[in-house]
Amino acid sequence: MSNNDASNTAKQPTNFIHQVIEQDLQQGLGKVVTRFPPEPNGYLHIGHAKSICVNFGTADKYSGECNLRFDDTNPSKEEQEFVDAIKDDVQWLGFNWAGEVRYASDYFDTFYAWAQHLIREGNAYVCDLSPEEASEYRGWATTPGKDSPFRNRTAEENLDLLERMKVGEFDEGSRVLRAKIDMASPNMNLRDPILYRIRKAVHHQTGSKWNIYPSYDFAHGQEDAIEGVTHSICTLEFADHQPLYEWFLTNLPVPSTPRQYEFGRLNINYTVTSKRKLKQLVDENHVSGWDDPRLPTIQGMRRRGYTADAVRNFCDSLAVSKTDGVVDMAQFEFFIREDLNDNAARAMCVLNPLKLVITNFPEGQVETLSAPVHPQKEMGTRELPFTRELYIDRNDYNEDSTLSRKKFKKLVPGDFMRLRGAYVIKATDLVKDATGEITEVHAELIPGTVGENPPEGMKPRGVMHWVSATEGKQAVVRVYDRLFNVESPDKGEGSFLDNINPESFSQIENCWIEPGLVDAAPETGFQFEREGYFVADRYDHSAETPVFNKTIGLRDTWKK
RNA sequence: UGGGGUAUCGCCAAGCGGUAAGGCAACGGGUUUUGAUCUCGUCAUGCGCAGGUUCAAAUCCUGCUACCCCAGCCA
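Residues numbered from 1 in each chain as written. Chains lettered and ligands numbered in written order. Predicted model: local features only at pLDDT ≥ 70, side-chain atom pairs only at ≥ 80, totals over all residues. Heavy atoms only, no water.

**Q** So what exactly am I meant to see when it comes to the layout of surface pockets here?
**A** A water-sized probe, rolled over the atoms, reveals where empty space remains. In this model, the largest pocket occupies a volume close to 930 Å³. When residues of the lining of the largest pocket are traced back to their parent elements, those giving at least two are strand 1 (33–36), helix 3 (46–61), helix 8 (216–227) and strand 8 (231–235). By residue number, the principal contributor to the lining of the largest pocket is helix 3, which donates 4 residues. Of the voids in this model, the second largest pocket is the one considered here, and its volume is about 750 Å³. (1 Å grid on protein atoms, 1.4 Å probe; cavity = no way out; pocket = protein on both sides within 12 Å on 5 of 7 lines; lining within 4 Å. Points joined across faces, edges and corners; volume = space filled by probe spheres on them. Helix = DSSP H or I, 4+ residues; strand = E, 2+ residues; numbered from the N terminus.)

Written as structure tokens, this is what we have:
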């Protein structure tokens, strides 16, 4: 039942939904029941993660239950693949749904009986208007609609027609079942909304049993009622469906009366969170798939190395309100770094290798140094082989020795530098090839400086990471950056695709990693010191060909 | 336009008639064998605008303005 420790429910901000719940509880409500109701027509993204946290988190906070229910009322868009992925995502985030997974399709028989009930009560009718005609009859904002000519069929005729729709006698689009409400309502949702439409598609749960499928409106509230959901939390765009939601609850013999509450969708800048756009990015191969690390899908974030804790902490930091705002990506990144900084093992990886020869260290000798796995937490130590030939990052060396010690805390000729977890060295020489490119840097180590400060006058300019050229291993590193280079890819003229960052992905083949890293289990996150956080790829990483994905860089306050 | 919703620091946001919480970002200082972490400090005489009620208004009233959503046999 308890999905996460109470520790994080404590820091969850209170919100208007919780206020309502506390009131309900005081007035005698027994148990809070919520639900997360995805449609299995795509992969879940960060926006769904927030909804998951709100629904499961709210149930947890009040010791209630949260169902996972697939809103599978439209077989032409839905697939089993998505059902499976969504279950995986919810579990990965660390939540457990109450009982079995539910499906709207579990209740199709009941819905059908309820449709017959509405017909008998004179509250529903079969309408033969074409989609185009129906649209005309619906009217517009300022103009009331007109009653359908089929509005006054007898109950018998309606019952017969509905049954024949069900068994497949009519073509798709030829008839629908509509509620008889008010064609002049200022709320368009009340202008005789559609209850059932003909769809001759195979359904992933019910196969070919049905030729008609209920609309969202005719299903959602009833599903909630059947499951005993007390607080049906959804996003703002459903606010004007609420009167309809309640109309069904009062006109149908439902076993309970849930209430709907709406909150604002989560938007984050520099990304898109719309299933349609995500699908387009995938279908048109702008990304490698639904789990591309640049996508805000849960599968993508997972592959990128974002942790479930980080995603959850971020979602919990967000308020549940009715404002439609855009959250700064920086706020999300804060929680990613926070979690990784606390928990990721430290390691060294040279992304852009430059050979460093320690001229006063014997060839062929290997000195095994020991370094802490984490600088602050007790996470043990790891072994680092130190040899005569090492690799350092090309960016950590500059042959201009006049660079100020304050501004350039890296290696320059004649000056001192600390090798992380090893010796202080002094650059003595460099070797260039015919084109003038530096191929080697020579240096000598200061004896006795492992874990000790160097003698007076040898203070290092800074600290740099390194890997043994002979004992280290080669690795592939995939570097990801934001997929869009503008804050709001959606805004402005032209397609959001025009705002794709062409440099959002690059792969570096010849990186050098400390040898222990080849044993990393896929999906293990590390901090490559001074570079950022990286994760062993969920699918492609192996001891033979280590593959790491850049999750996010270190915070960098270094001003030029 | 008819209906629905929302406006408080660059971003998110608390506030529920008693004199503007917090987080992110930013900017300064300290510690540091990661330019990381950690730590200390600064950051709204102001709450979309204009009136009004009140001893007292971000909170109540009136009138504006801006933005978002609906007008699918999608959810």
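Following the structure, the description resumes.
**Q** When you look at the pairing of strand 1 in this model, what are you seeing that I'm missing?
**A** Regular strands place side chains that alternate from one sheet face to the opposite one. Here strand 1 shows no split at all, with V33 and R35 on one side and T34 and F36 on the other all buried. One ladder, built from 4 bridges, connects strand 1 with strand 2 (residues 65–70); its direction is parallel. By the bridge assignment, F36 is partnered in strand 2 with L68. (Buried < 20%, exposed > 50% of the residue type's maximum accessible area, 1.4 Å probe, protein only. Pairing = 2+ DSSP bridges.)

**Q** What am I meant to see in unusual backbone geometry here?
**A** Apart from glycine, the bulk of residues carry a negative phi angle, and the bulk of peptide bonds sit in the trans form. For S63, which is not a glycine, the phi torsion comes out positive at approximately 55°. Residue position: S63 is located in the loop between helix 3 and strand 2. You will see that E523, though not glycine, has its phi angle at about 75°, which is positive. Looking at where E523 falls in the secondary structure, it is placed in the loop between strand 22 (505–513) and strand 23 (525–528).

**Q** Explain the environment of V83 here, please?
**A** Within the secondary structure, V83 sits in helix 4 (residues 80–92). On the basis of relative accessibility, which here comes to 0%, the residue V83 falls in the buried class. Along the primary structure V83 and Y43 are separated by 40 residues, whereas in three dimensions their C-alpha atoms are 8.9 Å apart. For V83, the contacting residues outside a window of four places in its chain are P40, F70, Y103, H204 and Q205. (Contact = heavy atoms within 4.5 Å.)

**Q** Which parts of the structure should I look at to understand the protein's contact with RNA strand B?
**A** Around RNA strand B sit 66 residues in total, of which T142, R346, R420, G451 and Q527 are the nearest. When the atoms of RNA strand B within 4 Å of the protein are sorted by group, sugar and phosphate make up 62%. Between V326 and RNA strand B, the recorded distance is 2.9 Å, taken from a backbone N or O atom to a sugar or linking oxygen. The set of elements that each furnish at least two residues to the surface near RNA strand B consists of helix 6 (131–138), strand 6 (194–198) and helix 13 (329–343). With 4 residues, the single largest contributor to the surface near RNA strand B is helix 13. In the surface near RNA strand B, the residues fall into 23 nonpolar, 20 polar and 23 charged. (Near = heavy atom within 4 Å. Polar contact = N/O pair within 3.5 Å; in protein donor to acceptor, adjacent residues only side chain to side chain. Nonpolar A, V, L, I, M, F, W, Y, C, P; charged D, E, K, R; others polar.)

**Q** I'm lost on the state of the cysteines in this one. Help?
**A** A covalent bond between the sulfur atoms of two cysteines is referred to as a disulfide. Evaluated as defined, the whole model comprises 0 disulfides. In this model C349 remains outside any disulfide bridge; the closest cysteine sulfur is found in C511, 4.9 Å from its own. (Disulfide = S-S within 2.5 Å.)

**Q** Would you explain the packing of aromatic side chains in this entry?
**A** Taken as a whole and assessed by the stated rule, the structure comprises 30 aromatic pairs. Ring geometry for F386 and Y423: centres 5.1 Å apart, planes at 55°, overall tilted. Highlighted residues: F386 in strand 14 (residues 381–386) and Y423 in the loop between strand 16 (416–419) and strand 17 (424–432), separated in sequence by 37 residues. For Y423, a relative accessible area of 9% gives the class buried. Connected via pairs of aromatic rings, a cluster forms that spans Y107, F108, F111, Y112, W114, Y196, W210, Y213, F218, W247 and F248. Directly above the aromatic system of Y112 lies the positively charged group of K166, at a separation of 4.5 Å from the ring centroid. Positioned above the aromatic ring of F95 is the side chain of R312, whose terminal nitrogen or guanidinium carbon lies 5.9 Å from the ring centre. (Phe/Tyr/Trp six-rings, centres within 6.5 Å; stacked < 30°, edge-to-face > 60°. Lys NZ or Arg CZ within 6 Å of the ring centre and 35° of its normal.)

**Q** What am I meant to see in the nonpolar core here?
**A** Core analysis: the biggest nonpolar cluster contains 40 residues, and I46, I52, V90, V311, F314 and F332 have the highest contact counts within it. At the level of elements, helix 3, strand 2, helix 4, helix 11 (298–304), helix 12 (308–317) and helix 13 are the ones that each hand at least two residues to this core. Counting residues per element, this core draws most heavily on helix 3, at 6 residues. With near-sequence residues (within four places) excluded, V90 lies in contact with F36, L44, I52, F56, L68, F95 and W97. Core analysis: the second largest hydrophobic core is formed by 33 residues, W114, W210, I212 and L244 among them. (Core = buried A, V, L, I, M, F, W, Y, C linked by side-chain atoms within 4.5 Å.)

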